[in-house]
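These are the residues of each chain, in order.
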Amino acid sequence: MIHPSYSELMQVINKDIDADEAPLVNSRYSIVLATSKRARQIISGAEPFVRAAGKKPLSIAVEEMYDGKVKILPEDFEAEESGGSEEF
């Protein structure tokens, strides 16, 4: 079993969202996309934000999100920042 589970990770990511706002992550697919993007950044040389002795990049990315070291930005925020060319 994966730890943290998808549901635990979604709860952590969405914990700071107001009740009237849409959740940042509402499916496993969203989590997979976000963690795989971060894992690719780590593979490309980005420094991990958590202790990573002997862990694989995807495990590091999941741990970073669970610990709140990496945040998922809303789609509209990222579109404003990058000109709409990339979503996270």
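Please refer to the structure higher up on the page.
Report on the accompanying structure. None of the values given here were measured: they were computed from a predicted structure.

## Some details on the overall build of the chain
When its secondary structure is counted, the chain shows four helices and zero strands. Scanning the chain from its N terminus toward the C terminus, one meets helices and strands in the order α-α-α-α. Counting over 88 residues, the chain shows a buried share of 25%. If you take every contact in the chain between residues at least 6 apart in sequence, the share linking residues at least 24 apart comes to 36%. Counting every atom, the chain has about 6,300 Å² of accessible surface; 51% of that belongs to carbon and sulfur.

## Description of the packing of helix α2 (residues 28–43) against helix α3 (residues 57–66)
Where α2 meets α3, the axes come as close as 8 Å, and the angle between the chain directions of the two elements is 120°. In terms of axis orientation, α2 runs oblique to α3. Here α2 and α3 pass one another in a crossing that is right-handed. Contact with α2, carried on its side by A34, T35, S36, R38, A39, I42 and I43, involves P57, L58, I60, A61, V62, E64 and M65 of α3 and no other residues of that element. Of the residues in the contact of α2 with α3, the class split is 10 nonpolar, two polar and two charged.

## Here we look at the environment of A39
Here A39 shows up in helix α2. Residue classification places A39 among the buried positions, given a relative accessible area of 7%. With 20 residues separating them in the primary sequence, A39 and S59 have C-alpha atoms 8.1 Å apart. Excluding anything up to four places from it in sequence, A39 contacts P57, L58 and A61.

## With respect to the side chain of N14
Structurally, N14 is set in the loop between α1 (6–13) and α2. Residues contacting N14, with those up to four places away along its chain left out, are P23, L24 and V25.

What counts and what doesn't
- Residues numbered from 1 in each chain as written.
- Predicted model: local features only at pLDDT ≥ 70, side-chain atom pairs only at ≥ 80, totals over all residues.
- Heavy atoms only, no water.
- Helix = DSSP H or I, 4+ residues; strand = E, 2+ residues; numbered from the N terminus.
- Buried < 20%, exposed > 50% of the residue type's maximum accessible area, 1.4 Å probe, protein only.
- Contact = heavy atoms within 4.5 Å.
- Areas by Shrake-Rupley, 256 points an atom, 1.4 Å probe, with all protein chains shown as cover.
- Axes fitted to C-alpha atoms, helices over the stretch in contact; angles between N-to-C directions.
- Parallel < 35°, antiparallel > 145°, perpendicular 65-115°, else oblique.
- Left-handed = near helix turned anticlockwise from the far one by under 90°.
- Nonpolar A, V, L, I, M, F, W, Y, C, P; charged D, E, K, R; others polar.

Geometric descriptors of this kind do not, in isolation, establish any biological role.
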